Amino acid sequence: MKILFYVALVGKTLLIFLTKVGIFARFTWKILLHAFTGPFYAKIFLTHLINIGFLSLPVIGLTAVFTGAALALQIYSGGTRFNAESVVPSIVAIGICRELGPVLCGLIMAGRVASSISAEIGTMKVTEQIDALYTLNTNPYNFLIIPRVLACLISLPLLTLTGDILGILGGFLVGVSTLEFNPANYLLNTVKFLELADIISGLIKASFFGLIIGVLGTFNGINTSVGAKGVGKSTINSVVWSSIFVLAANYILTEALFNK
Amino acid sequence: MIKKTKIEIKNLNKLIGSKQILKNISFKLEPEEHLVIIGSSGAGKSMLVKCILGLEDISSGSIFFNGKRISRSVDKQKVLNKLGVCFQSNALFDSYNTWENIAFKRLYNEISPSILKLKKLAIEKLEEVGLPSNIAELYPSELSGGMQKRVGIARSIFSEPDILIFDEPTTGLDPIMSKKIISLIGKIVNNSKKTAITITHDINLAMFLASKIILIDGGKVEWSGNPKQAMLSKNKLIKIFLNG
């Protein structure tokens, strides 16, 4: 009898999981469908591009500068063990462009943007504002979801590129001021070993992360259950799942882009 | 010219999981009629309206608008264009100011809307529901409950819909404001000779506004008739509603 109980439990969990997958698949299908059928609200999209992209610049910039600076110190300290201090500029640049830039940007945006998207749409759901949109001949997919997803998709690579530059700058400042590197040599070594593919691969990753954050933020928001508790739950879910998916996608993309 | 029945519901059923929320609901709403759906909390009144609006899928049965059966999402959107809805929670958009809320439908659905013209029209609607024009730039959070309700009503009548739907229009309002809102709805519906549906648990509101009343209990139509028939009815639930 105990075995039957566990079989039933596994079955029930599997059913719940498959139902969620089905709901998510239907949601993404609707995004695609409405993205191509329109209408496209350009003004709303630009507002979100500013909110999601431009207003995230300070937090991304500060994180990148400090990460680049810390990375330079760490590589220098590790490099001295086998007389390889000179690799600091190139390793900082490659490490930030390929890995740290997009991942940190993805995780910060999962916290800052996925949560706010989810809370905003979730509140609209529980206060009947989404029902009101339907009755006002405005499809919520076109009005609320697609502009946000698109803004995330475009913002993340741009923020990552900014983060890359500022991260390298952070490493440069520490390298020149604390580690006594020659500024010209530092910059020369940064450029010498950094390939365009390193930057592009990071931006490709960032685009995927943007898509994950936008889709999961809006998905959790629009599926918010009743009340303030429901809004809180969907906000937590959007941050947790966005972060997990960003890290998982990072591994898969790294495997696909670099493991040749 | 024979006027077509505005809304006809035939054997409508709604199930959520294994629970039946609405059972075999059928009624007709003729042009210029004001149907008031009454019932206690949880009776299924709001769910019925959500089914009519197409916001909830029905499990079985049919809904007809102007004699045409509604089935596909395209049909539903066409129907929604002819409806003006005032929600129980008002459902005003927090990030838009009062006039933008009122003119929302045209502001975001016309290719190149004339902002000045729409603002002027929105202010006219504000005055029509008894609000001063100087609140046009205020946000919903800066308005009182009664004002928000009036803005919700102004939004529902803005695009001159065929049918008006008011979901619990007096919920959360004090008795004085409730009376004002009831008479405002009566004035709007009578002056414009619109077909209307009002959902409420307030029998006084029903008796004042309705040309037809439907009492819903446990998801099914328990009683239907006009206010005069309600006064004379021997139905237990109607009596409870009337006598408190």
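Procedures and definitions
Residues numbered from 1 in each chain as written. Chains lettered and ligands numbered in written order. Predicted model: local features only at pLDDT ≥ 70, side-chain atom pairs only at ≥ 80, totals over all residues. Heavy atoms only, no water. Salt bridge = Lys/Arg side-chain N within 4 Å of Asp/Glu carboxyl O. Helix = DSSP H or I, 4+ residues; strand = E, 2+ residues; numbered from the N terminus. Buried < 20%, exposed > 50% of the residue type's maximum accessible area, 1.4 Å probe, protein only. pLDDT = per-residue confidence, 0-100. Contact = heavy atoms within 4.5 Å. Buried area = accessible area lost by both parts, 1.4 Å probe. Polar contact = N/O pair within 3.5 Å; in protein donor to acceptor, adjacent residues only side chain to side chain.

Draft legend 1. Looking closely at the pattern of salt bridges. Residues and elements named next belong to chain B. Applying the stated criterion to the full structure yields 13 salt bridges over all chains. Notably, a salt bridge pairs E160 with K125, separated by 2.9 Å at the nearest N-O pair. Of this pair, E160 sits in the loop between α6 (145–157) and β7 (163–167) while K125 sits in helix α5 (residues 115–128), placing them 35 residues apart in sequence. Note on K125: relative accessible area 10%, which makes it buried. One network of salt bridges, with partners in common, ties together K125, E128, E160 and K194.

Draft legend 2. Quick look at the confidence of the model for chain A. Summing up the model confidence of chain A, the mean pLDDT is 92 and the portion of residues at 70 or higher is 99%. Predicted confidence in chain A is weakest over helix α7 (residues 183–193) of chain A, with a mean pLDDT of 90, and strongest over helix α6 (residues 140–177) of chain A, with 95.

Draft legend 3. Representation of unusual backbone geometry in the model. Residue and element names in this part refer to chain B. Positive phi outside glycine occurs at N11, with the angle close to 45°. Position of N11 among the secondary structure elements: in strand β1 (residues 7–16). For N11, a relative accessible area of 44% translates into the label partly exposed. In this structure, A91 takes a positive phi of about 50° despite not being glycine. Relative to the assigned elements, A91 resides in the loop between β6 (83–86) and α3 (98–102).

Draft legend 4. Spatial organisation of the interface of chain A and chain B. Each side of the interface is counted separately: chain A has 15 residues, and chain B has 22 residues. Between chain A and chain B the total buried area reaches about 1,700 Å² when both faces are included, carbon and sulfur atoms providing 58% of it. For the interface between chain A and chain B, the tally reads one salt bridge. Between D131(A) and K50(B) there is a salt bridge; the shortest N-O distance is 3.4 Å. Counting every contact that joins chain A to chain B gives eight residue pairs in polar contact (both at pLDDT 80 or more). At six residues, the largest contribution of residues to the side of chain A that touches chain B is made by helix α5 (residues 129–135) of chain A.

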